[in-house]
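# Topology and contacts: notes
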Amino acid sequence: MRNLITSLKKPAVGTMLGAALGLFATMPVAHAFNFPVFGPSYEGQLPSCEAGLPTITTQFWEKERKFWNSPLRITAYGNVHEKAFRPRESNNIPRRYCTAEAMVSDGKVRTVHYSIIEDGGIASMGQGVEWCVVGLDRNWAYNPGCLTAQP
């Protein structure tokens, strides 16, 4: 193998390296351009807590039927109220955190913790809803006791 230092001492190699470095030094400097970024504006305009209940009812029934082979359904809601609105820094995605009591088809009343998320729907279009039914979080996604579904 050749030694790099000894090969640079040769006049032809040194001249070519100097010419290449000189060429790069004369090239213009690249500048960053300002261009608009499109996406959600996050205005904080979210519907009331009641607007998320139909989504929860449908998704709960689908999850129980498909994944747990269970006939459980949510039949009614009560005591629906907001727990927090944008509880963290104002630059985060706006969320309305809510809680409700749900009557499940097994005759038990269970607490549902959920959040309505601005532009959280499919492909960031429309509202999205994340929810957890206490006692029926079978895959432990919001464990313990749906705590991580709350603000």
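The sections below set out a description of the structure shown in this document.

The rules behind these values
- Residues numbered from 1 in each chain as written.
- Predicted model: local features only at pLDDT ≥ 70, side-chain atom pairs only at ≥ 80, totals over all residues.
- Heavy atoms only, no water.
- Disulfide = S-S within 2.5 Å.
- Helix = DSSP H or I, 4+ residues; strand = E, 2+ residues; numbered from the N terminus.
- Buried < 20%, exposed > 50% of the residue type's maximum accessible area, 1.4 Å probe, protein only.
- Core = buried A, V, L, I, M, F, W, Y, C linked by side-chain atoms within 4.5 Å.
- Contact = heavy atoms within 4.5 Å.
- Salt bridge = Lys/Arg side-chain N within 4 Å of Asp/Glu carboxyl O.

This brings us to the state of the cysteines. Taken as a whole and judged by the stated rule, the model has 2 disulfides. Disulfide pairing is shown between cysteine 49 and cysteine 98; the S-S distance is 2.0 Å. Handedness of the cysteine 49-cysteine 98 disulfide follows from its S-S torsion of about -75°: it is left-handed. Taken together, the positions of cysteine 49 in the loop between helix 2 (11-25) and helix 3 (53-67) and cysteine 98 in strand 2 (residues 95-104) put the pair 49 residues apart, joining distant regions of the chain. Accessibility expressed as a relative area gives 4% for cysteine 49, which makes it buried. With a sulfur-sulfur separation of 1.9 Å, cysteine 132 is cross-linked through a disulfide to cysteine 146.

This brings us to the nonpolar core. One recurring pattern in soluble globular proteins is that nonpolar side chains are buried together. Counting residues in each nonpolar core, the largest one holds 18 residues, and the members touching the most others are Ile56, Phe60, Ile74, Val112, Tyr114, Trp131 and Val133. Residue assignment for this core shows that the elements contributing at least two residues are helix 3, strand 2, strand 3 (109-117) and strand 4 (128-133). Considering every element that reaches this core, the biggest residue donor is strand 2, with 4 residues. Those residues within four positions of phenylalanine 60 in sequence are excluded, and the remaining contacts are Leu72, Arg73, Ile74, Trp131, Val133 and Leu136.

Within the structure shown, the criterion is met by 4 salt bridges. Between glutamate 130 and arginine 95 there is a salt bridge, with the nearest N and O atoms lying 3.5 Å from each other. Of this pair, glutamate 130 sits in strand 4 while arginine 95 sits in strand 2, and the two are 35 residues apart along the sequence. Assessed through its relative accessible area of 35%, glutamate 130 is described here as partly exposed. Between aspartate 106 and arginine 110 there is a salt bridge, and its shortest N-O distance comes to 2.9 Å.

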